[in-house]
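# Results of the structural survey
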Amino acid sequence: MSALTAKIKHEFLEMLPPTIFFFVVLHVVALIRALMIRGSGISLPTTASVALAALILGKAVLLANMLPFINRFPERPLIWNAAWKTVIYTVIAGFIHYLERLYDYWKEAPNIAAANHQLFTEMSWPRFWAIQILLLVLILNYCVFAELARIIGRERMKAIFLGPIPPDIAARLAR
C-alpha cells in the first residue's frame, strides 16, 4: 500500500465515526423539525442533504481535531476538553444550520443580502434555538464519548460497549 493510499484510508477511517454520528443525529433533528413544522408548507431536508451536511460536519470535526488548540486542556479532567470541543463543534453546526436556512431563502430572493434580511425577519427563532439546543446536547454526548475513547483507546471502548468485555474490567465489575 502506498503512502498516499494509507493516508487516505487513515483520514477516511478518522472521518467515519463523526460522519455516521452526525448522519444519525441530523436525521433525528430533521424528524423533530418535521414534527414541529407539520402542515406549515415549509420544505424539509432530504436524506441526500442530511448526508451532505453529515459529511461536511464529519470533515469539520476531522479538520478541527488537527488544530493545535483543539486539545487545549490535556492536563485537566476530560470534561474540560469535551466542553471545549462541544463549543467549537456547536458553533460550526450552528453556522451550517444557519447557512441551510439562508439557502432556502436565497432560492427565492434576488440576492444573498435580501435572502439574509428575509431570513432574519421571517425565521422562527424559537424553533431555530430549539434545534440548536438539541444539537448542543447531542454534540456534547459525542464529545464526551470521543474524549473517553481517546483516553482509554478505541479498541477498549469498542470492547466495553460491544463485547467481549476485557478481563480486567469484568473482574472489577464482578466485585
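Heads up: these notes are all about the structure in this document. Keep in mind that what you see is a predicted model, and the values were worked out from it rather than measured.

## Quick word on the packing of aromatic side chains
- Following the criterion strictly, the structure yields ten aromatic pairs and no others.
- Ring centres of Tyr 98 and Phe 120 lie 6.0 Å apart, and the angle between their planes is 55°; on these two criteria the pair is classed as tilted. Taken together, the positions of Tyr 98 in helix H3 (residues 78-106) and Phe 120 in helix H4 (residues 112-122) put the pair 22 residues apart, joining distant regions of the chain.
- Since its relative accessible area comes to 45%, Phe 120 is described here as partly exposed.
- Ring geometry for Phe 145 and Phe 161: centres 5.7 Å apart, planes at 70°, overall edge-to-face. Linking Phe 145 in helix H5 (residues 125-152) with Phe 161 in helix H6 (residues 154-162), this pair joins segments that are 16 residues apart in sequence.
- When the ring centre of Trp 80 is taken as origin, the NZ or CZ atom of Arg 76, which lies over that ring, is 4.1 Å away.

## With respect to the nonpolar core
- Ranked by internal contacts, the top residues of the largest apolar core, which has 23 residues, are Phe 22, Leu 26, Leu 57, Tyr 89, Leu 135, Ile 139 and Cys 143.
- At the level of elements, helix H1 (3-36), helix H2 (47-66), H3 and H5 are the ones that each hand at least two residues to this core.
- Beyond its immediate chain neighbours, meaning those up to four positions away, Ile 139 contacts Phe 22, Thr 86, Tyr 89, Thr 90 and Ala 93.
- Of all hydrophobic cores here, the second largest spans eight residues; its members include Tyr 98, Leu 102, Ala 115 and Met 123.

## Describing the pattern of salt bridges
- Tallying each qualifying case throughout the model produces six salt bridges.
- With a shortest N-O distance of 3.0 Å, Lys 7 and Glu 11 are connected by a salt bridge. One end of the pair is Lys 7 and the other is Glu 11, both in helix H1 and four residues apart, which spans about a single turn.
- You can call Glu 11 buried: its relative accessible area is 16%.
- Here Glu 155 makes a salt bridge to Lys 158, at a shortest N to O gap of 3.7 Å. One end of the pair, Glu 155, and the other, Lys 158, are both in helix H6, three residues apart, so they sit about a helical turn from each other.
- Bridged by salt links that share partners, the residues Lys 85, Glu 147 and Arg 150 form one connected network.

Reading the values: the criteria
Residues numbered from 1 in each chain as written. Predicted model: local features only at pLDDT ≥ 70, side-chain atom pairs only at ≥ 80, totals over all residues. Heavy atoms only, no water. Phe/Tyr/Trp six-rings, centres within 6.5 Å; stacked < 30°, edge-to-face > 60°. Helix = DSSP H or I, 4+ residues; strand = E, 2+ residues; numbered from the N terminus. Buried < 20%, exposed > 50% of the residue type's maximum accessible area, 1.4 Å probe, protein only. Lys NZ or Arg CZ within 6 Å of the ring centre and 35° of its normal. Core = buried A, V, L, I, M, F, W, Y, C linked by side-chain atoms within 4.5 Å. Contact = heavy atoms within 4.5 Å. Salt bridge = Lys/Arg side-chain N within 4 Å of Asp/Glu carboxyl O.

Fair warning: the whole summary comes from geometry, so function is off the table for now.
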